[in-house]
Amino acid sequence: MVTEDVRATADDIADMEIRGAATIARAAADALESQATDSDADSPAAFRAELRAAARHLRDTRPTAVSLPNALRYVLGNTDGETVAALRASVTDAADAFRQQLDRAQDDLGAIGANRLRDGDTVMTHCHSTDALACVKAALDDGKHIEAVVKETRPRKQGHITADQLREWGVPVTLIVDNAGRRYLDAVDHVLVGADSIAADGSVINKIGTSMLAVVARERGVPVMVAAQTLKLHPDTLTGNTVEIEMRDETEVLAAADRHQLGAPDVENPAFDVTPPRYVDAIVTERGQFPPESIVTLMRELYGDGTTEPWAED
Ligand SMILES: O=P(O)(O)OC[C@H]1O[C@H](OP(=O)(O)O)[C@H](O)[C@@H]1O
């Protein structure tokens, strides 16, 4: 009942062919739309059940980036109608509106984040975040000269994607290994990262290594700026739930051939870590920039006191 298209998108998210919290959210909305378009359900109840099953299948791919369930919630929450045709049209409209909101949020966030960057500043990045890069792009569009020190970001080296994008925009880039982060902090004006989830207490859940970078940035007196549209706010944390940290396959850290050489050490590969709010100077959203401790106010305004799971089985 879940279409091939949805299964393929879910596989691509799980394998990180589709990655980055905002991009995952967009792909999830696209996939629900394609489920609705391809559905041959003969009753509204059957159509809704299919859509929920598709959402569950997508939801089960990666656990940490809250943009994924938030996207599913948005589309399912705006699905309405008395007939299959009306339901189908409402899913398309919801997916469209969601994509537009995503683009607008990133543009608005970029303009706000750019105000923190002065002409001649150098930023240090970790991983690849389209929200973070939107701030750099807006600063460039304002005519500012920005340079970047880009951390490689083991084990999957998403820093290469960041470096490519920045070079394309004409930003001078210095690529460094993760362990060189502290050495280069004295040469930068900001640490600029994205987020996969923001907790109600202002903790930032982002690519593994972010917390270590933030702690040494505080020690060196370099401000840490987190670019995260409100889609990254994790409503479940309002009720005390913690954010699950994805553990990925050990072969991303130790290839099978090397494992053979080394014997059998225990390998752990957490994809994300938690940076406590005291190490973060500002969370930049499309609704303005916030000290991390005050983000809970915005979260309550947008999500109320918790969330529903509209994909749950009847
Ligand atoms: O939404 P945008 O800002 O593009 O990305 C946000 C975050 O998503 C990425 O996770 P992964 O590479 O999918 O594990 C990085 O942790 C990045 O900071």
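Since we're looking at a predicted model, the values are computed, not measured. (Residues numbered from 1 in each chain as written. Predicted model: local features only at pLDDT ≥ 70, side-chain atom pairs only at ≥ 80, totals over all residues. Heavy atoms only, no water.)

Topic: helix α7 (residues 159-168)
Residues separated by three or four positions in an α-helix point in the same direction, a consequence of the helix having 3.6 residues per turn. To keep it simple, the criterion reads: Per-residue accessibility, obtained with a 1.4 Å probe over protein chains only, is compared with the maximum for each type, and a residue is labelled buried under 20%, exposed over 50%, and partly exposed between these values. A run of DSSP states H or I qualifies as a helix once it reaches four residues; a run of E qualifies as a strand once it reaches two. Both are numbered from the N-terminal end. By construction, the arc corresponds to the directions joining the helix axis to the C-beta atoms. Residue contacts are counted whenever heavy atoms from the two residues lie within 4.5 Å of one another.
The complete set of buried residues in α7 reads G159, T162, A163 and L166. On an axial view of α7, the arc spanned by its buried residues comes to 100°, and they lie on one face. Buried positions along α7 lie against β1 (122-125), α6 (130-141), β2 (147-151) and β3 (173-176). Once α7 ends, the next one or two residues include G170, with phi positive near 85°.

Notes on the pairing of β1
Put simply, the test is: The rule for pairing is simple: two strands pair if DSSP sees at least two bridges between them. With strands facing away from the observer, any crossover in which the path from the first strand over the helix to the second runs clockwise is taken as right-handed.
What you see with β1 is no split at all: T122 and M124 on one side and V123 and T125 on the other are buried throughout. Here β1 runs beside β2; their pairing, made up of 4 bridges, is parallel. Directly across from T125, in β2, lies its bridge partner V150. Since β1 and β2 lie parallel, the crossover through α6 that links them has a hand, and here it is right-handed. Where β1 lies against strand β4 (residues 190-193), 3 bridges are found, and the strand directions are parallel. Residue V123 lies in a different strand from β4, and its bridge partner there is H190.

Focus on the UniProt feature "active site" (unreviewed entry) in the chain
Our working definition: UniProt positions are given in the numbering used here, feature names are shortened, and annotations may be inferred rather than shown by experiment.
UniProt records the feature "active site" (unreviewed entry) for C127 and D196 in the present numbering. Spanning 70 residues, the annotated positions come together in the fold, the maximum distance between their C-alpha atoms being 11.4 Å. Within the secondary structure, C127 is located in the loop between β1 and α6. Setting aside residues no more than four positions away along its own chain, C127 makes contact with R19, K151, T153, Q158, G159, T162 and K207. Ignoring sequence-local partners within four residues, the contact set of D196 consists of A21, T64, A65, V66, S67, I205, N206, K207, K232 and F272.

Observations regarding the pattern of salt bridges
Under the convention used in this document: Any Lys or Arg side-chain nitrogen located within 4 Å of an Asp or Glu carboxyl oxygen qualifies as a salt bridge.
Here the structure, examined in full by the defined rule, presents 18 salt bridges. Here R118 ties to D121 by a salt bridge, and the two come within 3.2 Å at their closest N and O atoms. With a relative accessible area of 52%, R118 lands in the exposed category. For D121, a relative accessible area of 4% translates into the label buried. Among the salt bridges present, the one from R248 reaches E252, with a minimum N-O distance of 2.8 Å. For the residue pair R248 and E252, the accessibility class agrees, reading buried in each case. A single salt-bridge network, built from bridges that share partners, covers R62, R156, E246, R248 and E252.

Side note on a negative patch on the surface
Going by this rule: Here the term patch refers to residues with relative accessible area over 30% and no salt bridge, with like charges joined within 9 Å and nonpolar side chains (Val, Leu, Ile, Met, Phe, Trp, Tyr) within 5 Å. Using a 1.4 Å probe, accessible areas were evaluated by the Shrake-Rupley method; residue-level cover was limited to the displayed protein chains. In this count, Lys and Arg are taken as positive residues and Asp and Glu as negative ones, while His and the chain termini are left out. By convention, the charge on Lys lies at NZ, on Arg at CZ, on Asp at CG and on Glu at CD.
A surface patch of negative charge is lined by E4, D5, D11, D15, E17 and D38. Looking at which element gives the most residues to the negative patch, the answer is helix α1 (residues 4-14), with 3 residues.

Some remarks on the packing of aromatic side chains
Quick reminder of the rule: For this analysis, a ring pair means two rings from Phe, Tyr or Trp (six-membered ring only for Trp) whose centres lie within 6.5 Å, classed as stacked if their planes differ by under 30 degrees, edge-to-face if by over 60, and tilted for the remaining angles. Here, a charge over a ring is recorded when the distance from Lys NZ or Arg CZ to the ring centre is within 6 Å and its angle to the ring normal is within 35 degrees.
For the structure on display, the rule yields 1 aromatic pair. When the ring centre of W169 is taken as reference, the NZ or CZ atom of K137 above it lies at 5.8 Å.

A closer look at the UniProt feature "binding site: substrate" (unreviewed entry) in the chain
How we decide: Two N or O atoms form a polar contact when they lie within 3.5 Å of each other; inside protein one atom must be a possible hydrogen donor and the other a possible acceptor, and for residues adjacent in sequence the pair counts only when both atoms belong to side chains.
Using the residue numbers shown here, the UniProt feature "binding site: substrate" (unreviewed entry) corresponds to R19, G20, A21, A22, R62, N206, K207 and K232. Separation in sequence by 214 residues is not matched in space for these annotated residues, since their most distant C-alpha atoms are only 14.3 Å apart. With respect to the helices and strands, R62 occurs in the loop between α3 (44-59) and α4 (67-77). Ignoring anything within four residues of it in the chain, the contact list for R62 reads I13, A14, M16, R19, I24, L68, K207, E246, R248, A271 and F272. For R62, the side chain forms a polar contact with the side chain of E246, separated by 2.8 Å. Here K207 shows up in strand β6 (residues 204-207). With a relative accessible area of 7%, K207 lands in the buried category.

A few points about the domain arrangement of the chain
Spelled out, the test is: Boundaries between domains were set according to an automatic or database domain assignment. Buried area, as used here, totals the accessible surface that two parts lose on assembly, with accessibility defined by a 1.4 Å probe and the loss added over both. Lys, Arg, Asp and Glu make up the charged group, whereas Ala, Val, Leu, Ile, Met, Phe, Trp, Tyr, Cys and Pro make up the nonpolar group; the residues left over, Gly among them, are polar.
Looking at the chain, the domain boundaries give domain 1 (4-108) and domain 2 (111-303). Computed over C-alpha atoms, the centres of domain 1 and domain 2 are 26 Å apart. Taken residue by residue, the interface counts 22 residues in domain 1 and 31 residues in domain 2. Taking both partners together, domain 1 and domain 2 bury about 2000 Å²; carbon and sulfur atoms supply 52% of that area. Interface area lost by domain 1 to domain 2 is led by R19, T64 and Q106, which between them contribute 29%. Run the count over domain 1 and domain 2 and you get 1 salt bridge. With its nearest N and O atoms 2.8 Å apart, the salt bridge here joins R62 to E246. Counting the contacts that link domain 1 with domain 2 gives 17 residue pairs in polar contact (both at pLDDT 80 or more). Broken down by secondary-structure element, the contributors of at least two residues to the side of domain 1 that touches domain 2 are α2 (21-38), α4 and α5 (84-114). It is α5 that contributes the most residues to the side of domain 1 that touches domain 2, 6 residues altogether. Among the residues making up the side of domain 1 that touches domain 2, the classes are represented as 12 nonpolar, 4 polar and 6 charged.

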